[in-house]
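# What the coordinates show
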Amino acid sequence: MEIGRKNRFVEFIKKYGIFVAVGLVIFITALTFTLIATLNSGVPTGTTNLSFSLPMENATVIKDFSATELQNNETLNQWEAHKSVDLTSETGEVFAVLDGEVIGVDYDYLSGYTITISHSDGFQSIYSSLAQQVEVAVGDQVVGGQKIGQASTSANGELEMAEHLHFTLKLNDKAVDPNSYLDLQAK
């Protein structure tokens, strides 16, 4: 009886083995491409449920994000990567892009007055070149779309740009392109 089963298996492989092998190759290839596409999608897992607001209403991008291409900083007269987005608007009002907790309200000579907000899924939003009178304090809980400050010229490192918001978005402490999460280019 055992020999009969082995013979049937051998006969099955001889007759259908090529189809099984081709099917297995197709399955492994499809699985590999799916994994590669997922890993290279650029959108971290766990972030698809977040709904970002814009940091300014009717904003104009005056200097876009660039992680690798050098841009000229006219104020400092130097070429540098610009891992932020500089925005301006008619009102100059600045809003939180997501719900979160204010973890920093600081002043730095080059960046000006700055608010840092910690959000879920490892995000932080950083708003620089603000007017001194900010509307939040460390420990405050904010909601997306809540006014937190006013754009100004407090960033001495970008004085040539006049009144603007210097907006940085970080994911797991690494600057990411805000254009990947916010519709900054739409008017």
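Let us look at the structure shown here. As the structure is a computational prediction, the values presented were derived from the model and not from experiment.

This part covers the packing of aromatic side chains. According to the stated counting rule, one finds five aromatic pairs in the structure shown. Considering the side-chain rings of Tyr-107 and Tyr-113, the 4.6 Å spacing of their centres and the 45 degrees angle between planes classify their relative orientation as tilted. Summarising the aromatic geometry, the rings of Tyr-127 and Phe-167 are spaced 5.3 Å apart at their centres and angled 55 degrees between planes, so their arrangement reads as tilted. Taken together, the positions of Tyr-127 in strand E8 (residues 123-130) and Phe-167 in strand E11 (residues 165-171) put the pair 40 residues apart, joining distant regions of the chain. The class of Tyr-127 is buried, set by a relative accessible area of 0%.

Bringing the environment of Val-102 into the picture now. Position of Val-102 among the secondary structure elements: in strand E6 (residues 100-108). Sequence separation between Val-102 and Ile-126 is 24 residues, and the spatial gap between their C-alpha atoms is 9.9 Å. With residues up to four places along the chain from it excluded, the contact list for Val-102 reads Ile-115, Thr-116, Ile-117, Val-136, Ala-137, Val-138, Gly-139, Asp-140 and Val-142.

According to the stated counting rule, one finds two salt bridges in the structure shown. Three or more residues joined by partner-sharing salt bridges are found here, namely Glu-93, Glu-135 and Lys-147.

Ranked by internal contacts, the top residues of the largest apolar core, which has 28 residues, are Tyr-127, Ile-148 and Leu-165. Those elements giving two or more residues to this core turn out to be strand E4 (85-88), strand E7 (112-118), E8 and E11. In terms of residue count, the dominant contributor to this core is E11 (four residues). Apart from residues lying up to four places away in sequence, Leu-165 is in contact with Pro-55, Met-56, Val-85, Asp-86, Leu-87, Val-94, Tyr-127, Ser-128, Leu-130 and Ala-151.

Side chains of Phe-9, Val-10, Phe-12, Ile-13, Tyr-16, Ile-18, Phe-19, Val-20, Val-22 and Ile-26 sit close together on the surface and give an oily, nonpolar patch of about 990 Å² of accessible area. The residue Tyr-16 is located in helix H1 (residues 2-39) in this model.

The subject of this paragraph is unusual backbone geometry. Trans is the prevailing form of peptide bonds, just as negative phi is the prevailing case for residues other than glycine. The phi angle at Asp-121 is positive, at roughly 60 degrees, despite the residue not being glycine. In this fold, Asp-121 is placed in the loop between E7 and E8. A residue is classified by how much of its surface remains accessible, and Asp-121, at 38% relative accessible area, is partly exposed. Unlike most non-glycine residues, Asp-173 shows phi in positive territory, near 65 degrees. In this fold, Asp-173 is placed in the loop between E11 and strand E12 (174-176). Relative accessible area serves as the criterion here: at 65%, Asp-173 is assigned to the exposed category.

With eight of eight residues buried, E8 lies mostly within the body of the structure. Relative to E8, E7 is paired through five bridges, and the arrangement is antiparallel. Bridging across to E8, Ile-115 finds its partner in Tyr-127. Turn length for the E7-E8 hairpin, with the two strands adjacent in sequence and antiparallel, is four residues, and the turn residue Asp-121 shows positive phi of about 60 degrees. Bridging between E8 and E11 involves six bridges; their strand directions are antiparallel. Across the sheet, the residue bridging to Ser-128 is His-166, located in E11.

This part is about the environment of Ser-152. In this fold, Ser-152 is placed in the loop between strand E10 (147-150) and E11. Looking at Ser-152, its side chain comes within polar contact range of the main-chain nitrogen of Ser-154, at 3.0 Å.

How each quantity is defined
- Per chain, residues are indexed from 1 in the order of the written sequence.
- Predicted model: local features are reported for residues with pLDDT of at least 70 only, side-chain atom pairs are reported and counted for 80 or more only, and whole-chain, interface and lining totals are derived from all residues.
- Hydrogen atoms and water are omitted, and side-chain values are computed over all heavy atoms in the structure.
- Centres within 6.5 Å make a pair out of two Phe, Tyr or Trp rings, where for Trp the six-membered ring is used; the pair is then stacked when the planes are under 30 degrees apart, edge-to-face when over 60, and tilted otherwise.
- Each helix corresponds to a stretch of at least 4 residues labelled H or I by DSSP, and each strand to a stretch of at least 2 residues labelled E; elements are numbered beginning at the N terminus.
- Throughout this description, buried means an accessible area under 20% of the type-specific maximum (1.4 Å probe, protein chains only), exposed means over 50%, and partly exposed covers the range between.
- By definition, residues are in contact when any of their heavy atoms lie within 4.5 Å.
- Just to be clear on terms, a salt bridge is a Lys or Arg side-chain nitrogen sitting within 4 Å of an Asp or Glu carboxyl oxygen.
- Residues belong to a common nonpolar core when they are buried Ala, Val, Leu, Ile, Met, Phe, Trp, Tyr or Cys residues joined through side-chain atoms within 4.5 Å.
- Patch criteria: residues need more than 30% relative accessible area and no salt bridge. Like-charged residues are merged within 9 Å; nonpolar side chains of Val, Leu, Ile, Met, Phe, Trp and Tyr are merged within 5 Å.
- Every accessible area reported is derived by Shrake-Rupley at a probe size of 1.4 Å, with residue values counting cover from the shown protein chains alone.
- Whether two strands pair comes down to DSSP finding at least two bridges between them.
- N or O atoms closer than or at 3.5 Å make up a polar contact, with two conditions inside protein: a donor-capable atom paired with an acceptor-capable one, and, for residues adjacent in sequence, both atoms drawn from side chains.

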